[in-house]
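These are the residues of each chain, in order.
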Amino acid sequence: MSNLSPSGPPMASSPLTRAVLEIDEYASGLGWDRPARLFALVDTARLRAQAPSLKLGEDATAYTPIEQEEIPANKPLDEFLGTIAWPDAVAGCALTVERLMLPPSAEAQVPKDLSGAALNKWVARHPDRQEVRMTVAVLRSGAREAAIRLREKDSPTEVLTGPDLVPGLADALAATFES
């Protein structure tokens, strides 16, 4: 865990970490068993200048997450991300998604011949599986941040944060900024 506050959500040091934790808290309020959600991250100061009537926080270094349209349920996430192109006003993007994960101790048990749906089914039946919500964000500049919340420890003080927690998803999000 990083930067935990004794009573309340984690205290985040960077604007990107604060945005990730804001999205994680939003997703937490919606409950579990939800579809993936995509967010554009825009510079709050720039947004405030362009739309002064919006009620935004005072942090001039912050990013404001703006939820995008629902991700199509019938399209694999990697294919969907491959169709995204962001306008220049978008400083970054974030995605929150629920998945089943195995602890590192169980990785050696994964049958080598499984992939795709068969692997997902095997993980879903594994006794050590854990349900997690991952929120991953990237900026055009290359900065990355992620938050992971375990369903069994569904508390803002139990959220793990770090830039390298979900590298594959961060890479896929970063690719949405490549021309």
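Structure first, text after, so check above.
Read on for a plain summary of the structure. Note that this is a predicted model, so its numbers are computed, not measured. (Residues numbered from 1 in each chain as written. Predicted model: local features only at pLDDT ≥ 70, side-chain atom pairs only at ≥ 80, totals over all residues. Heavy atoms only, no water.)

### Some remarks on the side chain of E98
How we decide: A run of H or I in DSSP counts as a helix once it spans at least four residues, and a run of E counts as a strand once it spans at least two, with each numbered from the N terminus. In protein, a polar contact means a hydrogen-donor-capable atom and an acceptor-capable atom, both N or O and within 3.5 Å, with residues adjacent in sequence counting only if both atoms are side-chain atoms; elsewhere, any N or O pair within 3.5 Å suffices. Note on definitions: a residue-residue contact is assigned when non-hydrogen atoms from the two residues lie within 4.5 Å.
Here E98 shows up in strand β3 (residues 92–101). One polar contact links the side chain of E98 to the main-chain amide nitrogen of D33, over a distance of 2.8 Å. Only 3.2 Å separates the side chain of E98 from the backbone nitrogen of R34, close enough to count as a polar contact. When neighbours within four sequence positions are excluded, E98 is seen to be in contact with G31, W32, D33, R34, V132 and R133.

### Comments concerning the sheet that holds strand β6 (residues 160–162)
Either a parallel or an antiparallel arrangement is found when strands of a sheet pair, and the pairing is made through backbone hydrogen bonds. Quick note on the threshold: Strands qualify as paired when DSSP identifies two bridges or more between them. To define axes, lines are fitted to C-alpha atoms, for helices over the stretch in contact only, and angles between the resulting N-to-C directions are given on a 0 to 180 degree scale.
Strand order in the open sheet formed by six strands is β2-β1-β3-β4-β5-β6, and the pairing between neighbours is antiparallel. The open sheet has two free edges, formed respectively by β2 (63–67) and β6, since each of these has just one partner strand. Sheet twist, expressed as the mean angle between neighbouring strand axes with direction ignored, is 20°. Summarising the sheet, β3 and strand β4 (residues 130–139) pair through ten bridges and their orientation is antiparallel. Its bridge partner lying in β4, C93 is registered against V138.

### Examining helix α1 (residues 15–30)
Side chains that are three or four residues apart share a direction in an α-helix, a result of its 3.6 residues per turn. Filter applied, for reference: Expected helix span is taken as 1.5 Å per residue step, with the number of steps being one fewer than the number of residues. Exposure classes here rest on a 1.4 Å probe applied to the protein chains alone. A residue is buried below 20% of its type maximum, exposed above 50%, and partly exposed in between.
Between its terminal C-alpha atoms α1 stretches 23 Å, which fits the 22 Å expected from 16 residues at 1.5 Å a residue. Within α1, burial applies to L16, T17, A19, V20, L21, I23, D24 and A27. G31 lies just past α1 and shows a positive phi near 90°.

### Quick word on the environment of G31
Relative to the helices and strands, G31 resides in the loop between α1 and β1 (37–43). The exposure class assigned to G31 is partly exposed, which follows from its relative accessible area of 22%. Considering only alpha carbons, one finds G31 and D154, 123 residues apart in sequence, at a separation of 9.9 Å. Residues within four places of G31 in sequence aside, it is in contact with E98 and R133.

### Considering empty space enclosed by the protein
Counted only if it meets this: As defined here, a cavity is a set of points on a 1 Å grid over the protein atoms alone where a 1.4 Å probe fits but cannot get out. A pocket is an open set with protein on both sides within 12 Å along at least five of seven lines, and residues line them when an atom is within 4 Å of a point. Grid points are joined across faces, edges and corners, and a volume is the space filled by probe spheres set on the points. Throughout, the ten residues Ala, Val, Leu, Ile, Met, Phe, Trp, Tyr, Cys and Pro are labelled nonpolar, Asp, Glu, Lys and Arg are labelled charged, and all others, Gly among them, are labelled polar.
For the structure shown, the criterion picks out one cavity of 30 Å³ or more. In this structure, the largest cavity occupies an estimated 70 Å³ of space. Lining the largest cavity, in full, are A27, L30, G31, R34, P35, A36, R37, T96, V97, E98 and R133. Elements with a minimum of two residues in the lining of the largest cavity: α1 and β3. For the lining of the largest cavity, the element with the highest residue contribution is β3, accounting for three residues. Residues that form the lining of the largest cavity fall into these classes: five nonpolar, two polar and four charged.

### Things to note about helix α5 (residues 167–175)
This is how it is decided: The arc in question is the one spanned by the directions pointing from the helix axis to the C-beta atoms.
Among the residues of α5, those classed as buried are L169, A170 and L173. The arc enclosing the buried residues of α5, seen along the axis, measures out at 100°, which places them on a common side. Structurally, α5 contributes buried residues whose contacts are with β1, α3 (77–81), β3, β4 and β5 (144–150).

### Thoughts on the layout of surface pockets
One number sums up the size of the largest pocket: a volume of about 770 Å³. Taken together, 27 residues form the lining of the largest pocket, with L100, M101, L102, V132 and M134 sitting closest to its centre. Per-class residue counts for the lining of the largest pocket are 20 nonpolar, three polar and four charged.

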